[in-house]
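Residue-level structural notes
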Amino acid sequence: MSRPRSDAPQGSAPEGADVSDPVEGMLRPADHADSAAPAATDEAITQPALGVVGWLRWGWRQLTSMRTALVLLLLLAIAAVPGSLVPQRSADPNGVRQYFVDNADLAPVLDKLSLFDVYTSPWFSAIYILLFISLVGCVIPRTRHHYKAMRAQPPRTPARLSRLDVHRTEILECRDDADAAAAAATAIEAAQHQLRKAGYRVARYDGARSFSVSAERGYLRETGNLVFHASLVGVLLAVGIGGGFTYTGQTVIIEGRTWVNTMLDYTSFNPGRFVDEDALTPYALTLDDFSLSYVTPGQQGAGQAGDFVAHLTTQFPDAAAQSGEVRVNHPLQIAGDKVYLMGNGYAPTITVRNSDGDVVFSEPVPFLPQDNHMTSQGVVKVPDGLREQVGMVGFFYPTAQELGSGALTSVYGDLEYPMLTFWVYAGDLGIDGGVPKSVYTLDPAEMTQLAGGDSGAASLELKPGETVDLPDGLGSVTFENEAPEGANGFQDSVKRYVSLSVHRDAAATWVLLFAVLATAGLLAALFIPRRRMWVRATPQGHTVQLEYAGLARGEDPALDGAVAQFAQRHLVSLADREPAGDRPARPESTPDVD
Amino acid sequence: MPDASPLTLDSVSVLLVWTAIAIYALAFIAYAVDLARRGAVAVEAKDAAAQTARERELVAAGGGRGSAGSGIVDQLRAQETASEEALNAPVGRRARLVWARIGTSLTVLGFLFHLGGDVTRGIAAGRVPWSNMYEFALTGTLLIVAVYLGVLLRYDLRFLGTFITGLVVVLLGGTAIWFYTDIVPLMDPLKSVWLVIHVFVASLATALFSLAFGLSVLQLMQARREARIAAVASAQDAVGTSAASPAKTGPGFLRTLPSAEALESLAYRFAILGFIFWTFTLIAGSIWANDAWGRYWGFDTKEVWTFVIWVLYAGYIHARATRGWRGSRSAWLSIIGFTAVIFNFTIVNMFFKGLHAYSGLS
Ligand code: HEM
């Protein structure tokens, strides 16, 4: 195994080996392990004399040094951790709200430190921005340098090849002196040809007393490294710029209803900076049916729901309707948007009549699932038409079962024995003041509870198709049965809804492109060996001394083997070339790897 | 434990897994005996070497030998050369370490049972056996052993056997005891080819990182030993005598191991392979997240840790190229990186809230 070069490269640097030729193969930050260490006194002497420009240059050199990059990388790793310990507004807004409730004292302090927005916080941004400045400052000069190196000749053959880490000597016997010189020239000719065929760039350096070829390969290693680092910048830019053209919006569609891609129809919409909200393509989606399956009782995982499919009709203005579907892992692609299935639930259709029997409210109300068996909660608000404003908090159980305590729970997600219960409040719904209120919550502060909970009166209980009276003679409530005429059981008695998320991601393709480029670069940078190889033939009387030497440039565990293999092939090719009878004696092999 | 009748394929799988654990435990013992005996063998060899050295010194007496301390340094160099040759020796020409052979044979046997357990679990579930925490621990540890055995064909890494079998016994044992989950149908988000790719590649990366980790630990131990020997040598130089043989320089088996530098370069090779696979993991995960969750990156807890690990290993690779960091300092980064991998797999899966709620544990 070839030793990796240690921390003190100049100690082992082959003396006379001109490895520090004018155009070094690559320019690396001064503190790269493979570049020569500065003399210790240098800094002490130059530092006090620095002017402003000097200081700037010094600062830039520090920023673009390997050590700074390393420290910043480690800082980045550390700085990313808190975001997994504390809920983040971006990934888990409800978690943050809950955190504020649970840790009322601590939360504001953490918030001041941006710990709920770690990845957009000033300190996190500072780290990665510095890192990328350092990266650019490092990559640009290296690219320039690499470009030059790629057009340069391999360096002059070192005077003493035996000083190199990997080195071997062979002796060829010839008949006489004149023969030896010719054989040496032929040998180098052959070596040159062979090296070129093996992908090396070659240059001849023949001297007065010897012939030699110098070869270098693996330029792609440095190219890969530069591509990798540059692609990281590409990823960052794609995310940053693409984010400006990206939007996400959420909506809910109940079976049978249609949603149109306009701002009006979104329940929430998060546009990037450059998104024109008025320029959305106004396509329409109708939820024809939401299908799913359940693992039936008695099997492992009983009650688990899966195979969710939202069957949609899609419609562009002035075009024929088409059908489409949205499944988990399979978003619907439409007009450059992707539509994702984010959730689903039940939307019981509820009708409220006043004491005269007039309908004052009638529509399906989406209920939010609370557990694995779809126990769901929803709110019905009736602001007009009754004697007082009425609000009802509903609980829906697709397969209801009474617990020991008398409370209900759902034991299965499908509609086996659906039950809807209501707590009823009357008073002021608080929606007249113009303050927007969530459709999923009821603020009972200004209301009196008439049924359910602590009111003393039992909550209202309904099965599909049933009607019960509201307390205090306010009117009645009906839980409509939506099943088609003549249906058996409760299947389809309650409509389902889906929550969809509509995304336009301008960055994703670019990010992927740069990520793939980065990986390709990484593969080249890590696994293509960069090495130099030299062969020198020196006629000595009627023998030719053949020297082979290799030098690793960067990690190269296979160098040893490569030199040995090359030498062997070379000798074999020489032997084949010799006319019969003129065959040299078996070369004496003296591999000497120090 | 599955409570079904003992005839189901899944309970066969569990049985095979426990058998594998038992065999791995025996392999661990054999490998440990091997290490202990290596120490003894090395001492004998050293005594012999010391004997010749002393004789040589007598011969050279009056000839003005350069320095007294260089004797033990020479010894160290000779050991290093020998152990590096041993490291690279092809399978047929390796040292006949009886206990190591027993260890390796047992490891192969354990691996076969382990493989059987993994495959039967997959057949029983009717899908790839890495769809919940129990299963990916099963497959992940299988890959650790597979990679170790595969690498043995190229390098004589049997000195890592104790570490590998020990690690696998602990991880697999813990898995069988705490993570067992009944087979249930896949949740919708998991029904994707990316499950096959992403999780498998992540497990492979983990296996490679674990080898790098073991080597980095040995590297640190070896570096400490080398430093002590160097210190003793310079002390002897100062006193001008080689009489004082070095005090304790660490566990005896270290004498038969490659130099810290050679261990480091080997560790690095596994780490960069692991890093490549980890990069694939990251990209495949993002593509899957884009399909399943509608965004390719959202700093979900698991994503955060995958990123942290990636950055840590990028740091490790950088450290190896930074003056003053190559050697022991960079080894620490490899160790921290693997610690983060294990943390990500255990603690993050079990206790951190996030979208990756597929451990199957309740
Ligand atoms: C986003 C931050 C960075 C990451 C993730 C990163 C990652 C990596 C990785 C994975 C490698 C090994 C693959 C290869 O050799 O190409 C590497 C190598 C390298 N990086 Fe970076 N890097 C970053 C920033 C920087 C900066 C700021 C510099 C300049 C100071 C730098 C200089 C280098 C050099 C010189 C190498 C070659 C090391 C060698 O010779 O083995 N990198 N980097």
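Throughout, a residue's number is its position along its own chain's written sequence, starting from 1. Chain letters and ligand numbers both follow the written order, the letters beginning at A and the numbers at 1. Confidence filtering applies because this is a predicted model: local features only for residues at pLDDT of at least 70, side-chain atom pairs given and counted only at 80 or more, and all residues used for totals across whole chains, interfaces and linings. Water and hydrogen atoms were dropped before computing side-chain values, which therefore reflect all heavy atoms in the structure.

1. Observations regarding the overall build of chain B
Note on conventions: DSSP H or I runs of at least 4 residues are helices, E runs of at least 2 residues are strands, and numbering of each starts at the N terminus. When helices and strands are tallied, chain B shows nine helices and zero strands. Along its sequence from the N terminus, chain B presents helices and strands in the succession α-α-α-α-α-α-α-α-α. Throughout, exposure labels follow a simple rule: accessible area from a 1.4 Å probe, protein chains only, divided by the maximum for the residue type, with under 20% read as buried, over 50% as exposed, and the rest as partly exposed. The buried share among the 362 residues of chain B stands at 57%. Every residue pair with non-hydrogen atoms within 4.5 Å of one another is taken to be in contact. Here the analysis covers contacts within chain B between residues at least 6 apart in sequence; of these, 84% occur between residues at least 24 apart.

2. Some thoughts on the packing of helix 4 (residues 66–80) of chain A against helix 8 (residues 122–151) of chain A
The relative placement of two packed helices is expressed as an angle between their axes plus a distance between the axes. All names here are of chain A. Each axis is a line fitted through C-alpha atoms, taken for helices only over the stretch in contact, and angles between the N-to-C directions span 0 to 180 degrees. At their nearest, the axes of helix 4 and helix 8 sit 10 Å apart, and the two run at 150° to each other. Of the possible angle classes, the one that applies to helix 4 and helix 8 is roughly antiparallel. Viewed along their axes, helix 4 and helix 8 form a crossing whose handedness is left-handed. Every residue of helix 8 that contacts helix 4 at Ala69, Leu72, Leu73, Leu75, Leu76, Ala79 and Ala80 is listed here: Trp123, Phe124, Ile127, Tyr128, Leu130, Leu131 and Ser134. Residue type decides the class: Asp, Glu, Lys and Arg count as charged, Ala, Val, Leu, Ile, Met, Phe, Trp, Tyr, Cys and Pro as nonpolar, and the leftover types, Gly among them, as polar. Grouping the constituent residues of the contact of helix 4 with helix 8 by class yields 13 nonpolar, one polar and no charged. For classification purposes, an angle smaller than 35 degrees is called roughly parallel, one larger than 145 roughly antiparallel, one from 65 to 115 roughly perpendicular, and anything else oblique. For any pair of crossing helices, the crossing counts as left-handed if the nearer helix is rotated counterclockwise from the farther one by less than a right angle, and right-handed if it is rotated clockwise.

3. A look at the pairing of strand 8 (residues 305–315) of chain A
Residues and elements named next belong to chain A. Examined bridge by bridge, strand 7 (residues 284–294) and strand 8 share nine bridges and lie antiparallel to one another. Note that in strand 8 the partner of Ala284 across the bridge is Gln315. Whether two strands pair depends on DSSP finding at least two bridges between them. The pairing of strand 8 with strand 9 (residues 322–327) spans six bridges and is antiparallel. Residue pairing across strands places Thr314 opposite Gln322, the latter belonging to strand 9. Hairpin remark: strand 8 followed by strand 9, antiparallel, with six residues in the connecting loop; positive phi at Asp318, about 60°.

4. Brief notes about the confidence of the model for chain B
pLDDT is a residue-level measure of predictor confidence that goes from 0 to 100. Mean pLDDT over chain B works out to 85, with 85% of the residues at or above the 70 mark. Of the regions scoring below 50 in pLDDT, residues 61–66 of chain B engages in five contacts with residues more than four places distant in sequence or in other chains.

5. Some words on the site of the ligand
Surveying the vicinity of the ligand reveals 25 residues, the closest of which are His32, Cys138, Asn225 and His229 of chain A together with His318 of chain B. Any residue with a non-hydrogen atom lying within 4 Å of a molecule or strand is treated as near it. More than one chain approaches the ligand, the contributing ones being chains A and B. With respect to the ligand, the side chain of Asn225 of chain A contributes an N or O atom lying 2.8 Å from an oxygen atom. Among the secondary structure elements, those contributing two or more residues to the shell around the ligand are helix 4, helix 8, helix 10 (219–242) and helix 11 (508–527) of chain A together with helix 8 (301–320) of chain B. Per element, the largest residue contribution to the shell around the ligand is five residues, and it comes from helix 8 of chain A. Considering only residue class, the shell around the ligand consists of 16 nonpolar, seven polar and two charged. We call two N or O atoms a polar contact when they sit within 3.5 Å, provided that within protein one can donate a hydrogen and the other can accept it, with sequence-adjacent residues counted only if both atoms are side-chain atoms.

6. A look at the environment of His542 of chain A
When you line up the elements, His542 of chain A lands in the loop between strand 25 (531–540) and strand 26 (543–552). Given a relative accessible area of 41%, His542 of chain A falls into the partly exposed group.

7. Some thoughts on the UniProt feature "transmembrane region" (unreviewed entry) in chain A
All names here are of chain A. In the numbering used here, UniProt assigns the feature "transmembrane region" (unreviewed entry) to residues 69–86, 123–141, 226–247 and 507–528. As annotated, residues 123–141 has a helix share of 100% and a strand share of 0%, and its two end C-alpha atoms lie 28 Å apart. The distance from the first to the last C-alpha atom of residues 507–528 is 31 Å, and the span holds 91% helix and 0% strand. UniProt positions are given in the numbering used here, feature names are shortened, and annotations may be inferred rather than shown by experiment.

8. Regarding the coordination of the iron atom of the ligand
Coordination here is defined by N, O and S atoms within 2.8 Å of the metal (3.2 Å for Na, K and Ca), and since water is not considered, a site can look incomplete. Ligation of the iron atom of the ligand by protein atoms is provided by His229 of chain A (NE2) and His318 of chain B (NE2), these donors lying 1.9 to 2.0 Å from the ion. A site with four donors is called tetrahedral when every donor-metal-donor angle falls between 85 and 135 degrees; four donors are called square planar, and six octahedral, when opposite donors sit more than 155 degrees apart and all other angles fall between 65 and 115; any other arrangement is irregular. In this structure, the iron atom of the ligand is coordinated by six donor atoms arranged in octahedral fashion, with angles at the metal of 80 to 178°. Of the two residues, His229 of chain A sits in helix 10 while His318 of chain B sits in helix 8, which places them in two different chains. An identical accessibility class is assigned to His229 of chain A and His318 of chain B; each is buried.

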